[in-house]
Amino acid sequence: MAEPLHDQPNKPPRRIPQPGDYENLSLATRAIHADDPINFNIDVAPPLHVSTTYRYKSDPSQLDPSRELELSDLHPPGGPMLGDGHIYSRLTAPNSSRLELMLTSILGQPVITYSSGLSAFHALLTWLHPKVVAIGEGYHGCHGVLAIYQKLTGCKIVDLFDEKSWDEAGLGKGDVVHLETPVNPTGIAYNVEAFAQAAHRRGAYLTVDATFAPPPLLDPFLWGADFVMHSGTKYFGGHSDMLCGVVGVGRQVEGWEKHYWGMYAERIYLGSVMGSMEGWLGVRSLRTFELRVKRQSENADQLVAFIAGALEGTSGTDDDGVEDVKKVVEKIEHASLQKEDMGWLKKQMPNGFGPVFSMWMKSEALARRLPSKLHLFHHATSLGGVESLVEWRKMSDPKVEGGLLRVSVGVESWEDLKADMINGCKQLVADGSL
Ligand SMILES: *Cc1c(COP(=O)(O)O)cnc(C)c1O
């Protein structure tokens, strides 16, 4: 006899994947198939589950109140959640659990998702509870989170690039060295290995915000990172339509399972879980993740090489417009231009240097006006989407220089983007707004 209808959707997976199942598959393939083992419906495209609450088992003899919140019974860290494991969507939910399974495969370490990148950073600080945090400039929002954490704990905040200040503040066991690379807004990359060594020498953790260079561009765990966070809003989402935060817990960290389940349990009370719609969008977006990130990074490398060449006078003069670019652009920064760092940088970022770069215009007025001259770059904040964006950065970070434009390169043809950029510079020159 068929099972009662109401038990059907709660059937366990056909087969529970084992560690190593996917290790030998490429990133591109894993982004399509890492969630196959829990795809036990006949749907090819993932279904969207909107319920906040889930039925308990129908057999009264199977109801076990004491085990209800034994999270580690539900799945291995980062592993597939059983279909009948969900209780309430502030704990776990089908769409975000599926996304976590995929992200675990993509990052190579167990992943927990959050409602945004900043809530992920907040959760990480809350869990690690450092007394001293070393941090560089980077994304201004992370400093906002850290200021709240400092308000509650009185922690000391020291300069990432001044190791003397770390020691003066007593940075040591259990404290946090937080590295953002490549860094927002410039796209300049830092040596993960060097910071890992400096942190570990003192017994501190290295946390890395690798939002600007997700796999396959950079794997900070390979170079000693203990925890890696991402604003999944950017490249994992990739379509400018969902907020998401990601924390990966390195299995090489002592007591990593305690860290994973500790953060998992705290998320229940922080309440900073992803929405079901966002979890669903995330799975959908990851299908094309590898294609997008590679294309975007390659596009950025090409555009940056052209603009840098125009400034240095090495881009071919047959490139109409090189002179106009030179008249309005002062300088450009991107990891691909860090010639003196290529020794370690090529090893850490073998597949490209990230899709975001920054340009300084010759005046603040030019930076304010260039976005209005471009047709293929939306003038908007954020990054990581398939559409190219440019932002007069002063719009969202009042502390930066007025001439700064941040560019997030999308998946368009880079030749079209280059032509648009040249045309924009040409119009600035023609306008006489120099
Ligand atoms: C956008 C961003 C964040 C914040 O992420 P949200 O998803 O907007 O909360 C954190 N770090 C970096 C480097 C970012 O670019």
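One can find the structure itself at the top, above this paragraph.
Keep in mind that this is a model prediction, so the values were computed, not measured.

Trainee: Lay out the site of the ligand with the relevant residues and their values.
Mentor: The environment of the ligand is formed by 14 residues, the closest being Gly117, Asp209, Ser231, Thr233 and Lys234. Taking Gly117, its main chain carries an N or O atom lying 2.8 Å from an oxygen atom of the ligand. One nitrogen or oxygen atom from the side chain of Asp209 is found 2.7 Å from a nitrogen atom belonging to the ligand. Notes on the ligand: free accessible area 380 Å², of which the protein chains cover 93%.

Trainee: How would you sum up the side chain of Thr233? Please name residues and give values.
Mentor: Summarising the element assignment, Thr233 is placed in the loop between strand E6 (227–231) and strand E7 (245–249). A polar contact is formed between the side chain of Thr233 and the backbone nitrogen of Cys244, at a distance of 3.0 Å. When near neighbours in sequence (up to four residues on either side) are disregarded, Thr233 contacts Gly238, Met242, Leu243 and Cys244.

Trainee: I'd like a rundown of helix H4 (residues 140–153), residues and numbers included.
Mentor: A rise of 1.5 Å per residue sets the reference length of H4, with its 14 residues, at 20 Å; its end C-alpha atoms lie 20 Å apart and thus fit the reference within 8%. Along H4, the residues that are buried comprise Gly141, Cys142, Val145, Leu146 and Tyr149. All buried residues of H4 fall inside an arc of 140 degrees around its axis, so they share one side. Packed against the buried residues of H4 are helix H3 (117–128), strand E2 (132–135), strand E3 (156–159) and strand E5 (205–209).

Trainee: Describe a nonpolar patch on the surface, naming the residues involved and giving the relevant values.
Mentor: A contiguous nonpolar surface patch, about 280 Å² in accessible area, is contributed by Leu48, Val50 and Met277. Within the secondary structure, Met277 sits in helix H8 (residues 276–286). For Met277, a relative accessible area of 42% gives the class partly exposed.

Trainee: Could you give an account of the nonpolar core, naming the residues involved and the relevant values?
Mentor: By size, the foremost hydrophobic cluster in this structure holds 54 residues, and its most contacted members are Val177 and Leu206. Beyond its immediate stretch of four places on either side in the chain, Val177 contacts Ala134, Leu160, Trp166, Leu171, Ala199, Ala204, Tyr205, Leu206 and Thr207. Counting residues in each nonpolar core, the second largest holds 34 residues, with Trp127, Leu146, Val253 and Tyr264 among its members.

Trainee: An account of the environment of Ser119 is requested, with residue identities and associated values reported.
Mentor: With respect to the helices and strands, the residue Ser119 is situated in helix H3. Residue classification places Ser119 among the buried residues on the basis of a relative accessible area of 13%. On a C-alpha basis, the gap between Ser119 and Ser89 in space is 17 Å, while along the polypeptide they are 30 residues apart. Looking at Ser119, its side chain comes within polar contact range of the side chain of Ser115, at 3.0 Å.

Trainee: Could you give me a rundown of the sheet that holds strand E11 (residues 389–392), with the residues and numbers involved?
Mentor: Adjacent strands of a sheet form backbone hydrogen bonds with each other and so pair up, either parallel or antiparallel. Read from one edge of the open sheet, five strands run E8-E9-E12-E11-E10, paired in mixed fashion. Edge positions in the sheet fall to strand E8 (329–333) and strand E10 (378–379), since each of these pairs with one other strand and no more. Looking at chain direction, E11 and strand E12 (residues 404–408) are connected through four bridges and run antiparallel. Among the inter-strand pairings, Trp392 is bridged to a residue of E12, identified as Leu405. Here helix H9 (residues 289–312) sits on the sheet and contacts E8 and strand E9 (356–361); the angle it forms with E8, its principal contact strand, is near 140 degrees.

Trainee: Can you explain the pattern of salt bridges? Please cite residues and give values.
Mentor: Under the definition given, this model contains 15 salt bridges. The closest approach of N and O atoms between Arg202 and Glu163, which form a salt bridge, is 3.1 Å. Of this pair, Arg202 sits in the loop between helix H6 (192–201) and E5 while Glu163 is found in helix H5 (residues 163–168), placing the two residues 39 residues apart along the sequence. Residue classification places Arg202 among the buried positions, given a relative accessible area of 17%. Note on Glu163: relative accessible area 32%, which makes it partly exposed. Between Lys331 and Glu333 there is a salt bridge, with the nearest N and O atoms lying 3.7 Å from each other. Judged by relative accessible area, Lys331 falls into the partly exposed class, the value being 35%.

Parameters at a glance
- Residues numbered from 1 in each chain as written.
- Predicted model: local features only at pLDDT ≥ 70, side-chain atom pairs only at ≥ 80, totals over all residues.
- Heavy atoms only, no water.
- Near = heavy atom within 4 Å.
- Polar contact = N/O pair within 3.5 Å; in protein donor to acceptor, adjacent residues only side chain to side chain.
- Areas by Shrake-Rupley, 256 points an atom, 1.4 Å probe, with all protein chains shown as cover.
- Helix = DSSP H or I, 4+ residues; strand = E, 2+ residues; numbered from the N terminus.
- Contact = heavy atoms within 4.5 Å.
- Expected span 1.5 Å × (residues − 1).
- Buried < 20%, exposed > 50% of the residue type's maximum accessible area, 1.4 Å probe, protein only.
- Arc of directions from axis to C-beta.
- Patch = residues over 30% accessible without salt bridge, like charges linked within 9 Å, V, L, I, M, F, W, Y side chains within 5 Å.
- Salt bridge = Lys/Arg side-chain N within 4 Å of Asp/Glu carboxyl O.
- Core = buried A, V, L, I, M, F, W, Y, C linked by side-chain atoms within 4.5 Å.
- Pairing = 2+ DSSP bridges.
- Axes fitted to C-alpha atoms, helices over the stretch in contact; angles between N-to-C directions.

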